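These are the residues of each chain, in order.
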Amino acid sequence: MTISKPKYQLFLLFSFFILLFSCQKQPECNTKDFKTGTFEFAQTINGKKEITTFERTDKLQIETYNGRTDTASVRWVNDYEFILEKLHPRNRAEKKAISMKILTTKDKTYTFEYSFVGETKKQQGTVTKIK
């Protein structure tokens, strides 16, 4: 059985693209450096830059935002995902657990997506490790 020249060329071209895209460098994702430490998350709210500072240990995350401190438990699902649950929620909304997923890391930063557990709407942010 012989393969016709056009089919052979198509096969080679297809094989080349598979090889090219399979060897493409994947985003760096070294999550071990970000499981514990002191971090900063900056976001713009109503045109003003707001900064949240937090310290994360193996089991806790202590956040400070606008002079208010909150503590949440941290439960790692795998090397990339963890669940935050406030230890002392002040209202019904704060009782909802938050699912966090680290998408990429680079130097002292990581990009993540988050949502309330069970909800499909996700948001993204970037965190910087300061200690």
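Residues numbered from 1 in each chain as written. Predicted model: local features only at pLDDT ≥ 70, side-chain atom pairs only at ≥ 80, totals over all residues. Heavy atoms only, no water.

Q: Tell me about the pattern of salt bridges, residues and numbers included.
A: Evaluation of the coordinates by the stated rule reveals eight salt bridges. Residue Glu94 pairs with Lys86 through a salt bridge whose shortest N-O separation is 3.9 Å. Accessibility expressed as a relative area gives 13% for Glu94, which makes it buried. In this structure, Lys96 engages Glu119 in a salt bridge whose closest nitrogen and oxygen atoms are separated by 3.7 Å. With a gap of 23 residues between them, Lys96 in the loop between strand E5 (81-86) and strand E6 (98-106) and Glu119 in the loop between strand E7 (109-116) and strand E8 (123-129) connect regions that are remote in the sequence. Through salt bridges that share partners, Arg68, Asp70, Lys86, Arg90 and Glu94 make up one connected network. (Salt bridge = Lys/Arg side-chain N within 4 Å of Asp/Glu carboxyl O. Buried < 20%, exposed > 50% of the residue type's maximum accessible area, 1.4 Å probe, protein only. Helix = DSSP H or I, 4+ residues; strand = E, 2+ residues; numbered from the N terminus.)

Q: Can you lay out the sheet that holds E8 for me, pointing to particular residues and giving the numbers?
A: What the eight strands build is a closed barrel, ordered E1-E2-E3-E4-E5-E6-E7-E8; its pairing is antiparallel. Along the sheet, successive strands turn relative to each other by an average axial angle of 35°, direction set aside. Summarising the sheet, strand E2 (residues 48-56) and strand E3 (residues 60-65) pair through four bridges and their orientation is antiparallel. Considered in E3, the bridge of Arg56 is made with Gln61. (Pairing = 2+ DSSP bridges. Axes fitted to C-alpha atoms, helices over the stretch in contact; angles between N-to-C directions.)

Q: Can you explain unusual backbone geometry? Please cite residues and give values.
A: The backbone of Asn46 shows a phi angle near 50°, a positive value even though the residue is not glycine. You can see Asn46 is positioned in the loop between strand E1 (37-45) and E2. On the basis of relative accessible area, Asn46 is assigned to the exposed category, the value being 80%. Backbone geometry at Asp107 places phi at a positive 55°, although glycine is not the residue there. Here Asp107 is to be found in the loop between E6 and E7.

Q: How would you explain the nonpolar core if you had to name every residue and give the values?
A: Counting 13 residues, the largest nonpolar core has Phe39, Phe54, Leu84, Tyr110, Phe112 and Val127 as its most contacted members. At the level of secondary structure, the elements contributing two or more residues to this core comprise E1, strand E4 (68-76), E5, E6 and E7. With residues near it in sequence (within four places) discarded, Phe112 still touches Phe41, Met100, Lys101, Ile102, Leu103, Gln123, Gln124, Gly125, Thr126 and Val127. (Core = buried A, V, L, I, M, F, W, Y, C linked by side-chain atoms within 4.5 Å. Contact = heavy atoms within 4.5 Å.)

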